Amino acid sequence: MDDPGIKKQNWDVNETELFLEILKDLDMKKCLDGRKAHRRMTAAGYHRTVDQLKFRWKLLKSAYYKCKREPNLPAPTKIQGWWRYEKTMIAIMESRHPLLGAGVNSVRNDEVTEDSDGEASMLHWPQPCPDNTAQNLGLIVGVMPWMRCSLIKMDPEMDSQLKIGFIGAGNMAFGIAKGILSGNALPANIKVSAPSSRNLGRFQELGVAVTHSNEEVVSGSDLVFVAVKPHLVAPVLTEISEHVTERHIIVSVAAGVTLATLEELLPQNSVAIRLMPNLPCLVQEGALLFARGSHAKQEDGALLRSLLHRCGLVEEGPEAWIDIHTGLSGSGVAFVYLFAEALAEGAVKMGMPSALAHSIASQTVLGAGKLLRESGKHPAQLRSEVCTPGGTTIYGLHTLEQGGLRAATMSAVESATERARELGRK
Ligand SMILES: NC(=O)C1=CN([C@@H]2O[C@H](COP(=O)(O)OP(=O)(O)OC[C@H]3O[C@@H](n4cnc5c(N)ncnc54)[C@H](O)[C@@H]3O)[C@@H](O)[C@H]2O)C=CC1
Ligand SMILES: O=C(O)[C@@H]1CCC=N1
């Protein structure tokens, strides 16, 4: 029970920082219910009730979402010294756990308006995770129906027991395999097939079983990634169809190939999911979006999320977004590489040795991306922070604008999206 004798008093910086560090350390992934944080705060000499802690957490989350939604507006004033907490809040809220990770386009309705302790009975603390229901997830992620998916708990046990197959042993299969193996999936539970042995060696090095038989992969797996080129999806699904049963989850990563096509090629009522990953899954920094087919349940999506959570950012959305995501991110990484290459070549042109120029260009892309993600700021704001009036950057940016970089990049996303749509019509 909360102690009614505890007085309301303002939070100072040290207390808030400690509180956030405790939350980060306790790992919100574990669905703590507030009492653990309460015990640790008390042990550190800060006497707050659980409700007071909940209310403080609510305010911090509210400020975080406000900053995320309106990055160009001044920082929230309701939290004194917000800038001190912003980084830790981002680390907590954008940790890879799907419970917290569905922030993209999230709509929040839990703004809090007073910076004081308050009655917290209506406020949400992540609840313990007793079962598989979705009741409390809507409190944590956005309100879009496809985002209010089942209570997606990391399920290490489930991941470690799941039998996973890959049909196709190419770059994308390898990226996903590496990503999921850095989570709880076990190499002994993974099997990969391809017609030739050319690409199989690197999977064997991961400890994964390999075969030339797609049928063997399907028969021995619960979840199968179909990772062949789009034009090969139809012959492959036709080949494996008779071995696909109700226990299977078939996940296609092929660009453009629609859920309707997948479901048409698979036996009736098959569970199909369309996933668009990207290559940085290899280094656990992928951006993945999936859409569930008509027989795929929320828990199938939750299982996939849990399995993929170490691959990077994993989001669920309506199928119409998958082609867009293909342009933005599946192909988008190649656009970024082109830019990195051009940066380096510019430096070579100005006299820098090539190896050093490429090394600096890749670090520049990495650093810019990391700062963009971790600051939560709009790219335009960060860009303006680099520009000294009359300085070097604005001269360079002017040249890029004259060259039409912005329009060309938008058109590149558009062309790649259209091409994905076109592949889907074939
Ligand atoms: N490479 C990328 O960055 C991304 C690729 N994708 C999608 O992933 C899929 C695979 O692309 P990549 O890995 O890049 O291609 P890839 O050419 O590297 O790999 C394709 C693999 O399929 C195997 N294969 C060919 N015929 C087969 C058959 N009948 N049965 C089993 N395996 C067969 C090949 O041996 C090869 O190992 C494509 O549909 C692509 O649209 C999606 C997102 C990003
Ligand atoms: O270029 C392609 O078609 C695939 C899909 C997204 C990235 N690579």
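What counts, and at which threshold
Residues numbered from 1 in each chain as written. Chains lettered and ligands numbered in written order. Predicted model: local features only at pLDDT ≥ 70, side-chain atom pairs only at ≥ 80, totals over all residues. Heavy atoms only, no water. UniProt positions renumbered as here; feature names shortened; annotations may be inferred. Near = heavy atom within 4 Å. Areas by Shrake-Rupley, 256 points an atom, 1.4 Å probe, with all protein chains shown as cover. Salt bridge = Lys/Arg side-chain N within 4 Å of Asp/Glu carboxyl O. Helix = DSSP H or I, 4+ residues; strand = E, 2+ residues; numbered from the N terminus. Buried < 20%, exposed > 50% of the residue type's maximum accessible area, 1.4 Å probe, protein only. Polar contact = N/O pair within 3.5 Å; in protein donor to acceptor, adjacent residues only side chain to side chain. Pairing = 2+ DSSP bridges. Axes fitted to C-alpha atoms, helices over the stretch in contact; angles between N-to-C directions. Contact = heavy atoms within 4.5 Å.

- Looking at an unreviewed UniProt entry, one finds the protein named Pyrroline-5-carboxylate reductase, with Dissostichus mawsoni as its source organism.
- Under Subcellular location (unreviewed entry), UniProt gives the following word-for-word description of the protein: "Cytoplasm".
- Under the heading Pathway (unreviewed entry), UniProt records this for the protein: "Amino-acid biosynthesis; L-proline biosynthesis; L-proline from L-glutamate 5-semialdehyde: step 1/1."

### A word on the site of ligand 2
Reasoning step 1: In the region of ligand 2, the neighbouring residues are Ala255, Thr326, Gly330 and Ser331.
Reasoning step 2: Within the complex, the protein chains bury 47% of what would otherwise be the 240 Å² of accessible surface of ligand 2.

### Regarding the pattern of salt bridges
Where charged atoms of side chains with opposite charge meet at close range, the side chains can pair.
Reasoning step 1: Evaluation of the coordinates by the stated rule reveals 13 salt bridges.
Reasoning step 2: Across the pair glutamate 285 and arginine 373 runs a salt bridge, and its minimum N-O distance is 2.8 Å. Here the residue glutamate 285 occupies a position in the loop between strand 6 (271-276) and strand 7 (286-292), and arginine 373 occupies one in helix 15 (residues 354-375), the gap between them amounting to 88 residues.
Reasoning step 3: Residue glutamate 285 is classed as partly exposed on the basis of its relative accessible area, which comes to 39%.
Reasoning step 4: A relative accessible area of 37% means that arginine 373 is categorised as partly exposed.
Reasoning step 5: Linking glutamate 316 and arginine 292 is a salt bridge whose minimum nitrogen-to-oxygen distance equals 2.6 Å. In this pair, glutamate 316 sits in strand 8 (residues 312-316) while arginine 292 sits in strand 7, placing the two residues 24 residues apart along the sequence.
Reasoning step 6: Residue classification places glutamate 316 among the buried positions, given a relative accessible area of 3%.
Reasoning step 7: Overall, the relative accessible area of 23% leaves arginine 292 in the partly exposed class.

### Observations regarding the site of ligand 1
Reasoning step 1: Every one of the 22 residues lining ligand 1 counts as a neighbour, but Ala169, Met172, Asn214, Val228 and Ala255 are closest to it.
Reasoning step 2: For ligand 1, an oxygen atom lies 3.1 Å from a polar atom in the backbone of asparagine 171.
Reasoning step 3: In this structure, valine 228 approaches ligand 1 through a main-chain N or O atom, which is 2.6 Å from an oxygen atom.
Reasoning step 4: For ligand 1, the accessible surface in isolation is 830 Å², of which the surrounding protein chains cover 80%.

### Here's the deal with the sheet that holds strand 4 (residues 223-226)
Reasoning step 1: Reading across from one edge, 3-2-1-4-5-6-7-8 is the order of the eight strands in this open sheet, with mixed pairing throughout. With partners counted over all chains shown, the strands left at the sheet margins are strand 3 (209-211) and strand 8, one partner each. Here the strands of the sheet are splayed against their neighbours by 20 degrees on average, with no regard to which way each runs.
Reasoning step 2: Across five bridges, strand 7 lies against strand 8 in parallel orientation. Bridge pairing in strand 8 places leucine 289 opposite glutamate 315.
Reasoning step 3: Against the sheet, helix 7 (residues 171-181) makes contact with strand 1 (164-167), strand 2 (190-193), strand 4 and strand 6, and its axis sits at roughly 165 degrees relative to strand 1, the strand it touches most.

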